[in-house]
Amino acid sequence: MWIFWLIFFAVIFSFGYASISGAPWVPTRKYGINRFLKVAKLKKDDVLFELGCGDGRLLVSAVREFGCRGVGIELAWPLAVIAWLRTKITKVPVVIRWADARHTSLKEATVVYMFLMPDAYLKLRPILEKSLSPGTKVISYVWPVPEWTPVLVDKEPQKEAFYVYQM
Ligand SMILES: C[S@@+](CC[C@H](N)C(=O)[O-])C[C@H]1O[C@@H](n2cnc3c(N)ncnc32)[C@H](O)[C@@H]1O
């Protein structure tokens, strides 16, 4: 019985810690994923990093559609496990890292997608500025990155916006 409680509290702690570190898990819905696929304009030689990849649904869709490389960074281990299982079940070759987006190497990325809280963007902004190469595309969903000027805002009536930035 104690094993059950141990796992239960480990899951709760992991979700709680990820929620205060960046954002709670709120997956991008199917319609949002389709919009992302249009907005991102990914190419086969792109390396898409998703900071807080949740259950991996967006990343798997993007890699399946465009044949690019995909790396998902997820802080909540139960979600990282689900995302990893998704890549195995779908046989879509996406790399899932159980890690904090603030403490992982992002330098391979050519496109970065994130759907986190504005406070998390404040902490991530200097890291992105330091580690991403010029020309890297950064796409945020729902909230803009404070003090950055987007090159494109994809807004639809009654829907959340995608903000596209170019480093
Ligand atoms: C709003 S959800 C978005 C999930 C996914 N990107 C999507 O669009 O479906 C935010 C995700 O970021 C994760 N997260 C929060 N802080 C993080 C951090 N510092 N590093 C990595 N992942 C983080 C949460 O666990 C959660 O899964």
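Preceding block: the structure.
Heads up: these notes are all about the structure in this document. (Residues numbered from 1 in each chain as written. Predicted model: local features only at pLDDT ≥ 70, side-chain atom pairs only at ≥ 80, totals over all residues.)

**Here we look at the overall build of the protein**
And then number 1: Broken down by element type, the protein carries five helices and seven strands.
And then number 2: Expressed as a percentage of the 167 residues in the protein, the buried residues total 34%.
And then number 3: Considering only contacts within the protein whose residues lie at least 6 apart along the sequence, 63% involve residues at least 24 apart. (Helix = DSSP H or I, 4+ residues; strand = E, 2+ residues; numbered from the N terminus. Buried ≥ 20, exposed ≤ 12 C-beta atoms within 10 Å, placed from the backbone. Contact = placed C-beta atoms within 7 Å.)

**A few points about the site of the ligand**
And then number 1: Taken together, the neighbourhood of the ligand is formed by 25 residues, with Ala18, Gly22, Thr28, Gly52 and Gly54 sitting nearest.
And then number 2: Every element with two or more residues in the shell around the ligand is listed here: α1 (2-21), β1 (47-51), α3 (57-66) and β2 (69-74).
And then number 3: Considered class by class, the residues forming the shell around the ligand number 15 nonpolar, five polar and five charged. (Near = placed C-beta within 6 Å. Nonpolar A, V, L, I, M, F, W, Y, C, P; charged D, E, K, R; others polar.)

**Focus on the pairing of strand β5 (residues 137-141)**
And then number 1: Across the five residues that make up β5, a large majority, five, are buried.
And then number 2: Burial along β5 is two-sided: the face carrying Lys137, Ile139 and Tyr141 and the face carrying Val138 and Ser140 are both buried.
And then number 3: Sheet topology note: the strand β4 (residues 111-114)/β5 ladder contains four bridges and is parallel. Looking across to β5, one finds that Val111 is bridged to Lys137.
And then number 4: Taken together, β4, helix α5 (residues 118-131) and β5 constitute a β-α-β crossover, and its handedness is right-handed. (Pairing = 2+ DSSP bridges. Right-handed = clockwise from strand over helix to strand, strands pointing away.)

**Observations concerning the packing of helix α2 (residues 30-40) against α3**
And then number 1: Close contact between α2 and α3 brings their axes to 10 Å; oriented N to C, the two are set at 50°. For the element pair α2 / α3, the angle class is oblique. Along this stretch, α2 crosses α3, giving a crossing that reads as right-handed. On the side of α2, the interface is formed by Ile33, Phe36, Leu37 and Ala40, while α3 contributes Arg57, Leu58, Ser61, Ala62 and Glu65. (Axes fitted to C-alpha atoms, helices over the stretch in contact; angles between N-to-C directions. Parallel < 35°, antiparallel > 145°, perpendicular 65-115°, else oblique. Left-handed = near helix turned anticlockwise from the far one by under 90°.)

**Quick word on α5**
Since the α-helix packs 3.6 residues into each turn, any two residues three or four apart lie on the same face.
And then number 1: Here α5 is 14 residues long and its end C-alpha atoms lie 20 Å apart, about the 20 Å a rise of 1.5 Å per residue gives.
And then number 2: All of the buried residues along α5 are Ala120, Tyr121, Leu124 and Leu128.
And then number 3: Buried residues along α5 sit in contact with β4 and β5. (Expected span 1.5 Å × (residues − 1).)

**Describing the sheet that holds strand β6 (residues 152-154)**
And then number 1: If you trace the seven strands from one edge of the open sheet to the other, you get β3-β2-β1-β4-β5-β7-β6, paired in mixed fashion. Strands with a single pairing partner mark the edges of an open sheet, and in this sheet they are β3 (94-98) and β6. Strand-to-strand, the axes of this sheet are offset by a mean angle of 15°, without reference to chain direction.
And then number 2: Strand contacts of helix α4 (residues 77-90): β2 and β3, with the helix running at about 165° to β3, the strand carrying the most contacts.

**Structural notes on unusual backbone geometry**
And then number 1: Even without being glycine, Lys91 reaches a positive phi, approximately 60°.
And then number 2: With respect to the helices and strands, Lys91 occurs in the loop between α4 and β3.
And then number 3: C-beta crowding within 10 Å serves as the criterion here: with 8 such atoms nearby, Lys91 is assigned to the exposed category.
And then number 4: The phi torsion at Glu147 lies on the positive side, around 70°, for a residue other than glycine.

**Some remarks on the pairing of β4**
And then number 1: Of the two faces of β4, the one carrying Val111 and Tyr113 and the one carrying Val112 and Met114 are both buried.
And then number 2: When β1 meets β4, the two strands line up parallel, connected through four bridges. Residue pairing across strands places Glu50 opposite Tyr113, the latter belonging to β4.

**A word on the environment of Lys137**
And then number 1: Its location among the elements puts Lys137 in strand β5.
And then number 2: Distance from Lys137 to Arg35, taken between C-alpha atoms, is 16 Å for residues 102 residues apart in sequence.

Interpretation note: all reported values are geometric properties and have no functional meaning in isolation.
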